[in-house]
Amino acid sequence: MTFDLEYNSKRSKLIIPEYGRHIQKLVNHCIALEDKEERNTMAKAIIDVMGNLQPHLRDVPDFKHKLWDQLHIMADFQLDVDSPYETPSKEELQESPERLPYPKSASKYRFYGTNIQTMIDVALTWEEGDMKEALVFTIANHMKKCYLNWNKDTVEDSVIFDHLYELSDGKIDIRNTEEDLTDSKSLLRKRGGQGQHKSKGKTNTKYRKK
């Protein structure tokens, strides 16, 4: 007695390995069917099996559409069936995605975080006046607090003003201001006090009578 054994090294590469080789064989058989009605019936049956094998796709919007797209991909876009959705093309699949721009952030001074840059951009849109000046100094004080969280020592206000000038592309310049930012010790004290709560209502059980 002889057996026809298949070795993985001799098998064709699976297009979508998550569905396994049996599903791929069903797809290949569906392509080979000559009658279109039979192909339509079998394609729908394959879609049902694929949905059972990937139940997490049910939480994905238009998961049926996703299954049909995957069916056409596994068929190498050679399956002629009446799909309820527009059939994707191989060119569309192979098309390179659009290049995403790098997000504008304080990458040079990462200790400030990305929200600082957002706050600066908002401040630049405000009209000149007391409100904008108050916002600028609020941003500068927050930058100083972030700097102290990173440096854990102290920082001169002039350093914060220089960084603010640089991060705003020279549009916010308070380097010659006579106003001072919040004292470093006060910021450090506030930071050290966060998260510390005095326990109340607890009794000392060290000398509790047995």
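In this report, we go over the structure that sits alongside the text. (Residues numbered from 1 in each chain as written. Predicted model: local features only at pLDDT ≥ 70, side-chain atom pairs only at ≥ 80, totals over all residues. Heavy atoms only, no water.)

## Focus on the packing of aromatic side chains
If you walk through the whole model with that rule in mind, you get six aromatic pairs. Aromatic rings pair up to connect Tyr 109, Phe 111, Tyr 112, Tyr 147 and Trp 150 into one cluster. (Phe/Tyr/Trp six-rings, centres within 6.5 Å; stacked < 30°, edge-to-face > 60°.)

## Side note on a negative patch on the surface
A surface patch of like charges, here negative, comprises Asp 130, Glu 133, Glu 178, Glu 179 and Asp 180. As for its placement among the helices and strands, Asp 130 is situated in helix 6 (residues 130-151). (Patch = residues over 30% accessible without salt bridge, like charges linked within 9 Å, V, L, I, M, F, W, Y side chains within 5 Å. Areas by Shrake-Rupley, 256 points an atom, 1.4 Å probe, with all protein chains shown as cover. Salt bridge = Lys/Arg side-chain N within 4 Å of Asp/Glu carboxyl O. Lys, Arg positive; Asp, Glu negative; His and termini not counted. Charge placed at Lys NZ, Arg CZ, Asp CG, Glu CD. Helix = DSSP H or I, 4+ residues; strand = E, 2+ residues; numbered from the N terminus.)

## Points about the packing of helix 2 (residues 36-53) against helix 3 (residues 63-74)
Taken N-terminus to C-terminus, the directions of helix 2 and helix 3 make an angle of 115°; their axes are 10 Å apart at the nearest point. Relative to helix 3, the element helix 2 is oriented roughly perpendicular. For the element pair helix 2 and helix 3, the recorded crossing hand is right-handed. On helix 3, the residues that touch Ala 43, Lys 44, Ile 46, Ile 47, Asp 48, Met 50 and Gly 51 of helix 2 are Lys 64, Leu 67, Trp 68, Gln 70, Leu 71 and Met 74. When grouped by side-chain class, the residues that make up the contact of helix 2 with helix 3 number eight nonpolar, two polar and three charged. (Axes fitted to C-alpha atoms, helices over the stretch in contact; angles between N-to-C directions. Parallel < 35°, antiparallel > 145°, perpendicular 65-115°, else oblique. Left-handed = near helix turned anticlockwise from the far one by under 90°. Contact = heavy atoms within 4.5 Å. Nonpolar A, V, L, I, M, F, W, Y, C, P; charged D, E, K, R; others polar.)

## Side note on the environment of Leu 26
Among the secondary structure elements, Leu 26 is positioned in helix 1 (residues 20-32). The exposure class assigned to Leu 26 is partly exposed, which follows from its relative accessible area of 35%. The sequence separation of Leu 26 and Ala 43 amounts to 17 residues, and the corresponding C-alpha distance is 9.0 Å. Discounting chain neighbours no more than four positions away, the residues touching Leu 26 are Met 42 and Ile 46. (Buried < 20%, exposed > 50% of the residue type's maximum accessible area, 1.4 Å probe, protein only.)

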